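Below, each chain spelled out in residue letters.
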Amino acid sequence: MLDRTDGTFISAEACVPVNWASRVDPATGRPVEVPGARYSEAVQLIAPSAHGGHNWHPMAFKLGGAAELPQPAVTHVNIPEPPAIDATPEVIASGELFYHTWCSSCHGAGATSGSALPDLKYLSAGAHARWESIMRDGAYASLGMPGFDHVLSETDSAAVEAFPGFFGVSPGLSKSS
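Residues numbered from 1 in each chain as written. Predicted model: local features only at pLDDT ≥ 70, side-chain atom pairs only at ≥ 80, totals over all residues. Heavy atoms only, no water.

S.K.: Looking at this model, I keep getting lost on the nonpolar core. Mind explaining?
M.R.: Soluble, globular proteins show a tendency: their nonpolar side chains are buried together. By size, the foremost hydrophobic cluster in this structure holds 19 residues, and its most contacted members are Tyr99, Met135, Leu152 and Val160. Breaking this core down by element, the ones donating at least two residues are helix H1 (89-102), helix H4 (131-135) and helix H5 (154-162). In contact with tyrosine 99, not counting residues within four places along its chain, are Ser104, His107, Gly108, Gly110, Ala111, Thr112, Leu120, Val160 and Phe163. (Core = buried A, V, L, I, M, F, W, Y, C linked by side-chain atoms within 4.5 Å. Buried < 20%, exposed > 50% of the residue type's maximum accessible area, 1.4 Å probe, protein only. Helix = DSSP H or I, 4+ residues; strand = E, 2+ residues; numbered from the N terminus. Contact = heavy atoms within 4.5 Å.)

Next up, the structure:
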């Protein structure tokens, strides 16, 4: 955050998880990278994603103002019960790598969508049943979801399908050793 009157540094507290920098140097305004932050040196999951970090829409406040914020509208979402997916830790790790290579730029880092695109942790049983036709055959190509049969085998695709549920939010998934 910079002072709007003179551009001086005020603060740079993270509003989303950040794993590639420890802090922002107030003297330079530059992030201080942690060791191993460069993904060009090894495979790394970087947070926030390439879309950046956003905690909410921009708001303006006036000091001493008397207005009150409106009560937020409550939205209820019916989250489907995902089918049981039995996968080994090795399959999950493989799925995570493929997911972050091919899927995260649209569906979000950590399999958490921050947009209108589906959050893959909450796919319905019907979407899981159509997984191969969506993921590899391009069934949703006309909607902007390309097929990945040129880069993912059936085994790779199944690993990607297994990955999103292992973030502790999708009931019904089991891990095998």
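S.K.: Whenever I open this one, the environment of valine 43 confuses me. Can you help?
M.R.: Within the secondary structure, valine 43 is located in the loop between strand S2 (31-33) and strand S3 (86-87). For the pair valine 43 and leucine 97, spaced 54 residues apart in sequence, the C-alpha separation works out to 8.7 Å.

S.K.: I'm lost on the side chain of aspartate 156 in this one. Help?
M.R.: Within the element layout of this structure, aspartate 156 appears in helix H5. For the buried aspartate 156, no salt bridge exists, and the shortest N-O distance to an oppositely charged side chain is 7.4 Å, to arginine 136. Beyond its immediate stretch of four places on either side in the chain, aspartate 156 contacts Phe98 and Val151. (Lys, Arg positive; Asp, Glu negative; His and termini not counted. Salt bridge = Lys/Arg side-chain N within 4 Å of Asp/Glu carboxyl O.)

S.K.: It is not clear to me how the packing of H1 against H5 should be interpreted in this structure. Could you clarify?
M.R.: To describe two helices that pack against each other, one gives the angle between their axes and the distance between the axes. One can describe the packing of H1 onto H5 by two numbers: an axis separation of 7 Å at closest approach and a directional angle of 95°. By the angle class used here, H1 and H5 are roughly perpendicular. Within the contact between the two elements, H1 uses Val91, Ile92, Ser94, Gly95, Phe98 and Tyr99 and H5 uses Asp156, Ala159, Val160 and Ala162. Here the contact of H1 with H5 is built from residues that sort into seven nonpolar, two polar and one charged. (Axes fitted to C-alpha atoms, helices over the stretch in contact; angles between N-to-C directions. Parallel < 35°, antiparallel > 145°, perpendicular 65-115°, else oblique. Nonpolar A, V, L, I, M, F, W, Y, C, P; charged D, E, K, R; others polar.)

S.K.: Would you mind going over the state of the cysteines with me for this structure?
M.R.: What is meant by a disulfide is a covalent connection between two cysteines, made through their sulfur atoms. In total, this model carries zero disulfides according to the counting rule given. In this model cysteine 103 remains outside any disulfide bridge; the closest cysteine sulfur is found in cysteine 106, 8.6 Å from its own. By relative accessible area, cysteine 103 is classed as buried at 7%. (Disulfide = S-S within 2.5 Å.)

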